[in-house]
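Understanding the architecture of this molecule
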Amino acid sequence: MAQILIADDDALIGEVVSHRLQENGHIVAVVDNGAKVLEMVQRERPDIVILDILMPGLRGIEVLIQLQKEANTASIPVLMLTGQTGRNHMVEAYDAGATDFMTKPFKPESLVERIDSIISSAVDRPMQVGQYL
């Protein structure tokens, strides 16, 4: 069971993804903009963040960059889930520190598998020197 934060301005996407993840035993919070993500990660410290690239206010990439800058959030895995299919969006996301990248439309079961894989990899990864100082 993991704590997962989903950020997507499309309420239907948030609902579908949240429902599937909750069926698999995860605790899920859904927000509709980047500013709320930055606020929630400070309070809740999720095990993974799922970010849409295009959201009102802060774009998903901008949120990812902010998460990577902060020592207490840099180690949180981030999966970019977006309708932006161009290669440049994927490269931008990975360059900013994304753990994974997935495009819409998607199969919910494929998304759940990827999330579970990321979470288990994060748990199995040894702590880096100074990571939690």
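Below: a short report on this structure. Since the model is a prediction, treat every value here as computed from it, not as a measurement. (Residues numbered from 1 in each chain as written. Predicted model: local features only at pLDDT ≥ 70, side-chain atom pairs only at ≥ 80, totals over all residues. Heavy atoms only, no water.)

**Some words on helix α4 (residues 87-96)**
Residues of α4 that are buried: His-89, Ala-93 and Ala-96. An end-on view of α4 places all buried positions within 70° of arc, on one side of the element. For α4, the exposed residues set more than 90 degrees away from the buried face come down to Arg-87, Asn-88 and Asp-95. For α4, the secondary structure elements touched by its buried residues are α3 (60-69), β4 (78-82) and β5 (100-103). Gly-97 occupies a position one or two residues after α4 and carries a positive phi of about 115°. (Buried < 20%, exposed > 50% of the residue type's maximum accessible area, 1.4 Å probe, protein only. Helix = DSSP H or I, 4+ residues; strand = E, 2+ residues; numbered from the N terminus. Arc of directions from axis to C-beta. Contact = heavy atoms within 4.5 Å.)

**Here's the deal with the pattern of salt bridges**
Pairing between side chains becomes possible if they bear opposite charge and their charged atoms approach one another. According to the stated counting rule, one finds 8 salt bridges in the structure shown. One network of salt bridges, with partners in common, ties together Asp-8, Asp-52 and Lys-104. (Salt bridge = Lys/Arg side-chain N within 4 Å of Asp/Glu carboxyl O.)

**Observations concerning the nonpolar core**
Grouped together as the largest cluster of nonpolar side chains are 21 residues, with contacts concentrated most on Val-37, Val-49, Leu-51 and Met-80. When contributions to this core are tallied by element, the ones reaching two or more residues are β1 (3-7), α2 (34-44), β3 (48-51), α3, β4 and α4. The element contributing the most residues to this core is α3, with 4 residues. Those residues within four positions of Met-80 in sequence are excluded, and the remaining contacts are Leu-51, Asp-52, Ile-53, Gly-60, Ile-61, Leu-64, Ala-93, Ala-98, Asp-100, Phe-101 and Met-102. With 18 residues, the next largest nonpolar core counts Val-17, Val-28, Leu-81 and Leu-111 among its residues. (Core = buried A, V, L, I, M, F, W, Y, C linked by side-chain atoms within 4.5 Å.)

**Quick look at the pairing of β1**
Of all 5 residues that make up β1, 4 are buried, and the element is covered over most of its length. Across 5 bridges, the pairing between β1 and strand β2 (residues 27-31) is parallel. Considered in β2, the bridge of Leu-5 is made with Ala-29. The handedness of the β1 to β2 crossover, carried by helix α1 (residues 11-23), is right-handed. Direction of pairing for β1 relative to β3: parallel, over a ladder of 4 bridges. From the neighbouring strand, Ala-7 faces β3, where its bridge partner is Leu-51. (Pairing = 2+ DSSP bridges. Right-handed = clockwise from strand over helix to strand, strands pointing away.)

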